[in-house]
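Chains, contacts and geometry: an overview
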Amino acid sequence: MAPVPFLLLIEDDDAIRTGLELGLSRQGHRVVSAATGEDGLKLLKEQRPDLIVLDVMLPGIDGFEVCRRIRRTNQLPIILLTARSDDIDVVVGLESGADDYVIKPVQPRVLDARIRAVLRRGERDATDSAAFGSIVIDRSAMTVTKDGHDLQLTPTELRLLLELSRRPGQALTRQQLLQLVWEHDYLGDSRLVDACVQRLRAKIEDVPSSPTLIRTVRGVGYRLDTPQ
Amino acid sequence: MTRQRGRVHFRRWTSLRLRLIAVFALVALTAAVSVSGIAYWLNRDAVLTRAQNSALDDFRDSLQRNAASLPAKPTCQSLEAAANRIGSPDTYQALLIADAADGRCAVTSDRDSFSLDDVPASLQRAVNTPHQQDHDRYHLHWERIDLQGHPYLVAGARINDGGPTGYMLKSLDSERKDLNSLAWSLGIATLLALVGAALLAQAAGSAVLRPVRRLGEAAKALGEGRLSTRLKVTGTDELAELSATFNDAAEQLEKRVEELRAREAASRRFVADMSHELRTPLTAITAVTDVLEDEAEALDPMIAPAVRLVVSETRRLNELVETLMEVTRFDAGTAKLRVDEVDVADMIMACMDARAWLDSVELDAPRGLLATLDPRRLDVIMANLIGNALKHGGSPVRVALRREGGEDGEVVITVTDHGPGIPEEVLPHVFDRFYKADASRARSEGSGLGLSIARENAHIHGGTITAANGPHGGAVFTLRLPVRPRAGEEGAGRSGEPSGATRADVAGTGHGDGTPGGAR
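Along the backbone of chain A there are eight helices and twelve strands. Here chain A holds 228 residues, and 47% of them are scored as buried.

Structure (structure tokens):
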């Protein structure tokens, strides 16, 4: 990981793009920006950024589609810029594979905190490994394998799995997970957890619709079980 | 609903329809009874008079013929023979009385059924009384009597110039039978007329009442908001005219309501669009405020305050636009609940901690009180209530939390300050938008939307906020929220199971929180 976070900002409005570029550079990031989704995808291939800040409302292919296209090949962290917190946009964005979202107008400080929190998720914090059924989590290499094959997890998905695997068989509430994984305060959006669990299940469970590893604990949250 | 309908039905039945039937029946009864009565009496008179006249004429002739031929002092035998000649079992019985040679003698044609005792005394008197006006001659007199339940005509006459006195007795049984059957026929006819009248009244009532009922139903539908309700206009009578008037009125109403709705929607859309449009420049400005703020220290002392002003006012503007957007979401009905089971005391504590209010607020909240609610909305409510108390009331502000009711009870949070309280005339308006108790108050007092938004946030949970003055002065705001979202509340059916949630599901259920499923 580069010492100075290298961000790709995709935002169509010139003023917002310039403002965010200024603000984020000021917070110590290196920023490269694009005005459309197509340009952004092109820049992504050329520049290899650490993280993408993506506006939802884009001319041409919209933010969700950009998000989906990135996820096909890349597990880069993505933070969405959205207009409303209780909008359908957030849900669709999270389902498309975004790791977190911020609501416009956003202060660069808040965005910076989110960016750093997302980037921290990829950092190694232990050197052991654990196995849950066919899933093996290698905490030193920060990789997860299923039946010996490498799984492509985003840093957020990986961190969620790590936090759950650290307390196997113990239910964690959504708010706990929001604090552990997303580093959100008490008003964190639990949809982040639900969407991430859903994506994680799609990758690690044999049958995602009837999960045996990540179980829902009704009225509480989620729990990682060792399959019987 | 059903009861009311039943009552309306009953009332309708007792009123117009029944009254119509009663009036029709009364008219029919009066007409039929008077017609039958007159017909009966005329008939009876005619029948009786004819029978009577023919009998009397016959009797008079026969008496004249047979009695006049008798000698002045006839014997009883000859008298009896004459009586037998006069009377016959087919027509009438005769009774002759005379001062015979062998004393007073009374003979009848049929000894068993007629005697002088059957002749009323009044008739005997009349028969034996000579008429002064008619040269003291005797006349024929008659009377109708009833013997052992059978009607009879009895008549008597005295032969003038010392002849015998003759009486006759004629049975009127056959006439009575005829008249009785006539009365029966008339009675049945009357009854039929009555039934006919009732049926006619029913039909007429239906003909009148059906349109009236349709009109009533249409008016009800209109009242329930189905403004497209129209009546079918048939014919040219008053009811058709009324229906046409109703249709016109409904059309006008629909047009007006549509206009008003369109205008309201337009103004709401304007506010929504405007706050949305403000957001883009605000986002750009906000992005650089941090830069400006950091640099303010190093700037010219003349410029630094200007920069700080721009920064702080930009934040205020941000908050205002955010608040406006929240209001438009409530107005448009698109505000959504995203519930989670939380410890209410922790939430209040965190809300106060985030705003550095822990030192100025006394908190009396037992931990462990769990409720299913939208944490962000509870935070908005508490921030507004406590912020309002700190700003307008006096310290110390006291926040108390308790639970009322059983399993599906309520969380009750009271925020009490020690200020002067709220004037009585202001109390009903404290939750109004942009209402300021004191018009001269500076705008720095807040957006004027805080309490209104707090209340909207309580309502969307199915809860309430009320404002009052405490017994020892100071304002008391009481927030009541259901421990569990009540059925039918928006977003209540949230589940913790994200698998299988698709965009279509979300749009279909209208929750928009991406996790459809059963209630937690």
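A word on the overall build of chain B. A count of helices and strands for chain B gives ten helices and twelve strands. In chain B, which comprises 520 residues, the proportion classed as buried is 27%.

Residues and elements named next belong to chain A. Taken N-terminus to C-terminus, the directions of helix 2 (residues 37-47) and helix 3 (residues 63-73) make an angle of 25°; their axes are 10 Å apart at the nearest point. Judged by the inter-axis angle, helix 2 sits roughly parallel to helix 3. Considering the relative orientation of helix 2 and helix 3, their crossing is right-handed. Facing helix 2, whose interface residues are Gly-37, Gly-40, Leu-41 and Leu-44, helix 3 presents Glu-65, Val-66, Arg-69 and Ile-70. The class makeup of the residues in the contact of helix 2 with helix 3 is four nonpolar, two polar and two charged.

The next subject is the nonpolar core. Counting residues in hydrophobic clusters, the biggest one holds 64 residues, and the most contacted among them are Ile-10, Ile-52, Leu-54, Ile-78, Ile-79, Leu-80 and Leu-161 of chain A. Among the elements that take part in this core, helix 8 (residues 190-204) of chain A stands out by supplying seven residues, more than any other. Once you skip the residues sitting within four places of it in the chain, Leu-80 of chain A turns out to touch Leu-54, Val-56, Gly-63, Gly-93, Ala-98 and Tyr-101 of chain A. Judged by nonpolar contacts, the second largest core, of 39 residues, contains Val-399, Leu-451, Ala-458 and Ile-460 of chain B.

Glancing now at the sheet that holds strand 11 (residues 214-217) of chain A. All names here are of chain A. Taken together, three strands build an open sheet; the order of strands is 10-12-11 and the sheet is antiparallel. The open sheet has two edge strands with one neighbour each: strand 10 (172-173) and strand 11. Where strand 10 lies against strand 12 (residues 221-224), two bridges are found, and the strand directions are antiparallel. Looking at the pairing, Leu-172 lines up with Tyr-222 of strand 12.

Another point: the sheet that holds strand 7 (residues 135-138) of chain A. Residues and elements named next belong to chain A. Within the open sheet, the four strands sit side by side as 6-7-8-9. Their pairing is antiparallel. Taken across any chain shown, the strands that pair with only one partner, and hence form the sheet edges, are strand 6 (129-132) and strand 9 (149-150). Here two bridges tie strand 8 (residues 143-146) to strand 9, and the two strands are oriented antiparallel to one another. Residue Thr-145 lies in a different strand from strand 9, and its bridge partner there is Asp-150.

Looking now at the packing of helix 6 (residues 155-166) of chain A against helix 7 (residues 174-182) of chain A. Any two packed helices are characterised by how steeply their axes cross, that is the angle between the axes, and by the distance between the axes. All names here are of chain A. Close contact between helix 6 and helix 7 brings their axes to 10 Å; oriented N to C, the two are set at 125°. In terms of orientation, helix 6 and helix 7 fall into the oblique class. The two elements helix 6 and helix 7 cross, and the hand of that crossing is right-handed. Judged by residue contacts, Thr-156, Arg-159, Leu-160 and Glu-163 of helix 6 engage Leu-177, Leu-180 and Val-181 from helix 7. In terms of residue class, the contact of helix 6 with helix 7 is made up of four nonpolar, one polar and two charged.

Take the environment of Gly-188 of chain A next. Residues and elements named next belong to chain A. By the secondary structure assignment, Gly-188 is in the loop between helix 7 and helix 8. Taking the number of C-beta atoms within 10 Å as the measure of exposure, Gly-188 has 21 and is therefore buried. When the C-alpha atoms of Gly-188 and Leu-177 are compared, they prove to be 9.8 Å apart, with eleven residues separating the residues in sequence. Excluding residues within four positions of it along the chain, Gly-188 makes contact with Gln-175, Leu-178 and Trp-182.

This part covers the pairing of strand 12 (residues 475-482) of chain B. Residue and element names in this part refer to chain B. Two strands pair when backbone bridges link them, and strand 10 (residues 410-416) and strand 12 are joined in this way by seven bridges, in the antiparallel orientation. Directly across from Val-415, in strand 12, lies its bridge partner Phe-477. Across six bridges, the pairing between strand 11 (residues 464-469) and strand 12 is antiparallel. Bridging from a neighbouring strand, Ile-465 pairs with Leu-479 of strand 12.

Relative to the elements of secondary structure, Leu-8 of chain A occurs in strand 1 (residues 6-10). In this structure the C-alpha to C-alpha distance between Leu-8 of chain A and Leu-41 of chain A, which are 33 residues apart in sequence, comes to 9.8 Å.

All names here are of chain B. Here helix 4 (residues 173-223) spans 72 Å end to end across 51 residues, near enough to the 75 Å set by a 1.5 Å rise per residue. Largest kink in helix 4: about 30°, centred on Leu-209, with the proline Pro-211 one to four residues after it. All of the buried residues in helix 4 are Ala-197, Ala-201 and Pro-211. Of the residues flanking the end of helix 4, it is Gly-225, one or two places downstream, whose phi is positive at about 105°.

Look at helix 5 (residues 238-296) of chain B: 83 Å from first C-alpha to last across 59 residues, which is about the 87 Å you get at 1.5 Å a residue. The largest bend in helix 5 of chain B is about 30°, located at Thr-289 of chain B. For helix 5 of chain B, the complete set of buried residues consists of Ser-243, Ala-250, Arg-279, Leu-282, Thr-283, Ala-284, Thr-286, Ala-287, Val-288, Thr-289, Asp-290 and Leu-292 of chain B. Turning to helix 5 of chain B, the residues buried within the fold contact helix 1 (14-26) and helix 5 (108-120) of chain A together with helix 4 and helix 6 (304-332) of chain B.

What follows is about unusual backbone geometry. Excluding glycine, residues mostly carry a negative phi; peptide bonds, for their part, are mostly trans. Residue and element names in this part refer to chain A. Here the residue pair Lys-104 and Pro-105 is connected by a cis peptide bond, since its omega of -5° sits within 30 degrees of zero. Mapping Pro-105 onto the fold places it in the loop between strand 5 (100-103) and helix 5. Not every positive phi belongs to a glycine, and Met-142 is a case in point at roughly 55°. As for its placement among the helices and strands, Met-142 is situated in the loop between strand 7 and strand 8. Unlike most non-glycine residues, Glu-183 shows phi in positive territory, near 55°.

Residue and element names in this part refer to chain B. Per-residue confidence for chain B gives a mean pLDDT of 80; residues scoring 70 or more make up 86%. Segment residues 440-444: pLDDT under 50, and one contact once partners within four positions in sequence are set aside and those in other chains are kept. Across residues 488-520, confidence stays below pLDDT 50; counting only partners more than four residues off in sequence or on other chains, it has 79 contacts. Confidence estimates for the predicted assembly give a pTM of 0.61 and an ipTM of 0.80.

Reading guide: rules and limits
Residues numbered from 1 in each chain as written. Chains lettered and ligands numbered in written order. Predicted model: local features only at pLDDT ≥ 70, side-chain atom pairs only at ≥ 80, totals over all residues. Helix = DSSP H or I, 4+ residues; strand = E, 2+ residues; numbered from the N terminus. Buried ≥ 20, exposed ≤ 12 C-beta atoms within 10 Å, placed from the backbone. Axes fitted to C-alpha atoms, helices over the stretch in contact; angles between N-to-C directions. Parallel < 35°, antiparallel > 145°, perpendicular 65-115°, else oblique. Left-handed = near helix turned anticlockwise from the far one by under 90°. Contact = placed C-beta atoms within 7 Å. Nonpolar A, V, L, I, M, F, W, Y, C, P; charged D, E, K, R; others polar. Core = buried A, V, L, I, M, F, W, Y, C linked by C-beta atoms within 7 Å. Pairing = 2+ DSSP bridges. Expected span 1.5 Å × (residues − 1). Bend = angle between axes of the 7 residues up to and from the residue. pLDDT = per-residue confidence, 0-100.

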